[in-house]
Amino acid sequence: MSIAPPSDATPAVDADDRLVVAVVSPTSLGTQAAHEVTPAVRALADVVRVRTLAELFRWASTGRSDAAQASPPTASAAAPAAPDSSAFAAPAVAPAPVALIIATDEVGSLDDVAAAVAHYPALAAARLVLLTERAELHDLGRAIDEDLVREVIAVPWTPGAIGERARAQIRRWMRDRLPDDDPRRLRDGDGLDHSPLLEALTHHSDALTAELIAACEQVLGPRPRLQLPAGVRLTHQGQAVDGVYVVVRGSVALTRHTRVGEVTLHHATTGRIIGLVSLASHGRAFVTATTTTDVELILLSIEQLDRALRENPVTEQVLAALIIRSLTKRLERSEVLQVEKIELAAALDAERIQVQETLTALEQARLELLAQERFATLGELAAGVAHELNNPVAALERAGDHLSADLAAVLATHPDGELIATVAADARTRPAASTRTERAARKRLEQVVGDRELARRLVAAGIDADGDPHTARALAADPARLATVEAAAAIGRAERNMRLATDRISGLVASLSTYVRPDGEDMVDVDLREVVEDALRLTAHRLEGVEIERDYPADPGALPAVPGHAGELVQVWTNILANAADALAAQAKADAAAGRKTRPGRVKVRIAPTAGGVRVKVQDNGPGIDPDVLPRIFEPRFTTKHGQVRFGLGLGMGLAKSVVDAHRGSIKVDSEPGRTRVTVVLPAHPTVTAAGLLPESPPGPPPRPHQADRRPDRKKPRKPTRKHSRSPKEKP
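Residues numbered from 1 in each chain as written. Predicted model: local features only at pLDDT ≥ 70, side-chain atom pairs only at ≥ 80, totals over all residues. Heavy atoms only, no water.

(A) Up close: the sheet that holds strand E12 (residues 273-274). Sheet architecture is open: four strands sit in the order E7-E14-E9-E12, paired in antiparallel fashion. The strands lining the two open edges of the sheet, one partner per strand, are strand E7 (226-228) and E12. As defined by bridge partners, E7 adjoins strand E14 (residues 295-301) across three bridges and the pair is classed as antiparallel. Paired with Leu228 across the strands is Val295, a residue of E14. Its contacts with the sheet place helix H10 (residues 302-311) against strand E9 (243-249) and E14, and it is angled at close to 80 degrees to E14. (Pairing = 2+ DSSP bridges. Helix = DSSP H or I, 4+ residues; strand = E, 2+ residues; numbered from the N terminus. Contact = heavy atoms within 4.5 Å. Axes fitted to C-alpha atoms, helices over the stretch in contact; angles between N-to-C directions.)

Structural data, given as structure tokens:
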């Protein structure tokens, strides 16, 4: 590496103020470029000559270069010796900022160069000029993107061109990096030399306008100034233009008539030349030019303008500069308008989406109001039906009690009254027996009485050979007494069926009353077993033929009470069970259509205490929920049953989740082929939490005194269901 010493003619400058031009090349092209650049930039910078990028990076790191570090062995062996190398010496000071790097093709990929120089502060702001013999260049996208490559010069170059270009790049570096009063800028002398056109582009529009008028008047003589008020149209859209106006003072607007009326295209960006651009449109005006203030201008016919351009070259240069400035302003304005249009379109899209969301929310609210209205009507109807059913059900219960009492009074005086009463009581309380059990009992009685038909009649009357074989033989021998016993058994069965029917009707009435209870009531302690049983009764018609498996705690005190609205909670499980029934029915229909063996439907309901609350799981063995549908089942009004018309009390999983959320609980659904499980967890009353302590701020609404007394029509508590009991739908 070597550095060119300053010439004796160069003014003395502090070393700290000097800039550096680095010439990187292992060939003689680098030395030639360094010798051309040195006198051109002597007043501004020192020239450093290095053979490789590695040597440049070492210099940028230390500011020094030993003889052994001048170049890697392989590079120095391959590169020819640099001429006049004795004219260069190694610097012994910290490196100054490198303003310019001049490199040849041997530096390799310019993208790699761009990545490397960023790590060296002395090189980070450098510009790069490439000397190349190649017709096509690749691997310089990053170098262009990061503003490293500023100029490409073909080899061979015109003698002296490298020095001129290096000086211009140094000046631009100082323009961008140094303040206006920096001493290094003052050493630059007259600055950059430009062509007349480029020099004219640096002038203000007022100065250019004055220069244009002066150039025209040198050919055409003094031009009269036209003084026009506001509102005068200089050009008319679509009409021929025979001259141009040079605006000396005032403002002119350019408008165009469209389907929506007059549109202003330019006002502040109109420029000083009016009508010249129209000459490119076959001499017809594209816009209407109208004065908006008092205007002073000069009118030049096409012939006058042509003569001024031909006879005075300055006119051409100044006119071109004015047109370029005017069109540049118009283009910038167009680009600003394009950006504004894009931003406005984005804002409109956002507002459209917001409006659509609002409309969707309003539609949702409307549908929910309709659903609430229908539900209110259904509630009134259900309340009326429940009231009307209460009276005949109560009459049936009283009639059953009277019949039992009257029958006992009659049997008290009957010779076989005790036997008849016993048989009737056994028939009334005896549980249903399986077909296998009845067949075995008939076989045992047949061995006792010796007649199959008599054995069948005795078994139907509740007589068993294991209980009293003598009674069985006596009844078989006395047809009249046997007929009396059979009648007594029929009376007992009828009484049992009547009581079962009245109990079922009473349960349905109580469930309906709970279901339609007004939401405005205060929260009360709710037993979730009763809530789920109400839901099972309300959906029994849709779960016909489906095995219901209940898994409840046997101990009534094992489940804590849950504060809430029983009617709303019944709605939750009514909908869950209705969905399970629909899934099982769809699976059975699909199996039948495909000729597959129908799998019995099964629904398992499990209620268990959990930390701080109660968990209810409802699981069916249906086909499962499509994974694409599963994430959307809690969306309002979402359904997969389009096209079906069904009357029911379910409110949809979306509103079911709303009810659970209102009770500060959680609901989740997990599904796979052959199993779908819905899990609802509701918080317990603070007084019955697992910890057994009353927190300072309970998670649920605080209880109110005597809440139970506010529900006089609350149904009586049912007997606790036995654990792991399986009970298909009962038929009276």
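(B) Representation of the nonpolar core in the model. With 41 residues, the main nonpolar core has Leu528, Trp573, Ile576 and Val603 as its most contacted residues. The set of elements that each furnish at least two residues to this core consists of strand E15 (524-526), helix H17 (528-538), helix H18 (566-594), strand E18 (602-610), strand E19 (613-620), helix H19 (653-662), strand E20 (666-672) and strand E21 (675-683). With ten residues, H18 is the largest single contributor of residues to this core. Counting residues in hydrophobic clusters, the runner-up holds 29 residues, among them Ala22, Val107, Leu123 and Val149. (Core = buried A, V, L, I, M, F, W, Y, C linked by side-chain atoms within 4.5 Å. Buried < 20%, exposed > 50% of the residue type's maximum accessible area, 1.4 Å probe, protein only.)

(C) A look at the pairing of strand E4 (residues 98-104). Counting buried positions along E4 yields seven of seven residues, so the element is predominantly enclosed. Two elements, strand E2 (residues 19-24) and E4, share five bridges in a ladder whose sense is parallel. When the bridges of E4 are listed, Val23 appears paired with Ile102. Here five bridges tie E4 to strand E5 (residues 127-132), and the two strands are oriented parallel to one another. Looking at the pairing, Ile102 lines up with Val129 of E5. Handedness of the crossover is the feature at issue here: the chain leaves E4, passes through helix H4 (residues 110-117), returns alongside E5, and the resulting connection is right-handed. (Right-handed = clockwise from strand over helix to strand, strands pointing away.)

(D) How the structure looks around the pattern of salt bridges. Under the counting rule described, the total for this entry stands at 25 salt bridges. Among the salt bridges present, the one from Asp551 reaches Arg606, with a minimum N-O distance of 3.3 Å. With Asp551 in strand E16 (residues 547-551) and Arg606 in strand E18, this pair connects stretches of sequence that are 55 residues apart. Take Asp551: its relative accessible area is 7%, and that puts it in the buried class. Here Arg606 falls in the partly exposed class, since its relative accessible area comes to 33%. Residue Arg675 is joined to Asp670 by a salt bridge in which the shortest nitrogen-to-oxygen separation is 2.7 Å. (Salt bridge = Lys/Arg side-chain N within 4 Å of Asp/Glu carboxyl O.)

(E) Examining unusual backbone geometry more closely. Note that the residue after Val155, namely Pro156, is joined by a cis bond; omega there is 0 degrees. Position of Pro156 among the secondary structure elements: in the loop between strand E6 (149-154) and helix H6 (161-177). Its identity is not glycine, yet Asp139 carries a phi of approximately 55 degrees, on the positive side. Tracing the backbone shows Asp139 in the loop between E5 and helix H5 (141-145). One non-glycine residue, Arg664, adopts positive backbone phi at about 60 degrees. Judged by relative accessible area, Arg664 falls into the partly exposed class, the value being 48%.

(F) Looking closely at the environment of Val485. For Val485, the location among the structural elements is in helix H16 (residues 479-515). Filtering out sequence-adjacent residues up to four positions away, Val485 remains in contact with Leu419, Val423, Ala461 and Leu475.

(G) Region of interest: the sheet that holds E18. Across the sheet, which stays open at both edges, the five strands sit in the order E16-E18-E19-E21-E20 with mixed pairing between neighbours. A single partner strand is all that each edge strand has here, and the edge strands are E16 and E20. Along the sheet, successive strands turn relative to each other by an average axial angle of 15 degrees, direction set aside. Lying over the sheet, H17 contacts E16, E18, E19 and E21, oriented at roughly 165 degrees with respect to E18. Sheet contacts for H19: E20 and E21; angle to E20, the most-contacted strand, approximately 140 degrees.

(H) Spatial organisation of the packing of helix H9 (residues 205-220) against H10. Between H9 and H10, whose axes approach to 9 Å, the crossing angle comes to 95 degrees. The pairing of H9 with H10 is recorded here as roughly perpendicular in orientation. Facing H9, whose interface residues are Cys216, Val219 and Leu220, H10 presents Gln304, Arg307, Ala308 and Glu311. Residue composition of the contact of H9 with H10, grouped by class: four nonpolar, one polar and two charged. (Parallel < 35°, antiparallel > 145°, perpendicular 65-115°, else oblique. Nonpolar A, V, L, I, M, F, W, Y, C, P; charged D, E, K, R; others polar.)

(I) Just the packing of H18 against H19, in detail. Where H18 meets H19, the closest approach of the two axes is 9 Å, and the angle between their N-to-C directions is 145 degrees. Note on packing geometry: the crossing formed by H18 with H19 is left-handed. Contact with H18, carried on its side by Glu568, Leu569, Val572, Asn575, Ile576 and Asn579, involves Met653, Ala656, Val659 and Val660 of H19 and no other residues of that element. Here the contact of H18 with H19 is built from residues that sort into seven nonpolar, two polar and one charged. (Left-handed = near helix turned anticlockwise from the far one by under 90°.)

(J) Just the side chain of Asn621, in detail. Along the polypeptide, Asn621 turns up in the loop between E19 and H19. Look at Asn621 and you get buried, because its relative accessible area is 6%. Engagement of the side chain of Asn621 in a polar contact is seen with the backbone nitrogen of Arg602, the distance being 2.9 Å. (Polar contact = N/O pair within 3.5 Å; in protein donor to acceptor, adjacent residues only side chain to side chain.)

(K) Local environment of H17. The buried count for H17 comes to eleven of eleven residues, which makes it a mostly enclosed element. Burial in H17 covers these residues: Leu528, Arg529, Glu530, Val531, Val532, Glu533, Asp534, Ala535, Leu536, Arg537 and Leu538.

(L) The side chain of Ser205, seen in detail. By the element assignment, Ser205 lies in helix H9. In this structure Ser205 comes out as buried when scored by relative accessible area, which is 8%. Residues within four places of Ser205 in sequence aside, it is in contact with Leu322, Arg325 and Lys329.

(M) Molecular detail of the pairing of E21. Within E21, seven of the nine residues are buried, which leaves it mostly tucked inside the rest of the structure. Summarising the sheet, E19 and E21 pair through eight bridges and their orientation is antiparallel. In the strand pairing of E21, Lys617 is matched with Thr679. Linking E20 to E21, which pair antiparallel, is a turn of two residues; within it Gly674 sits at a positive phi near 90 degrees.

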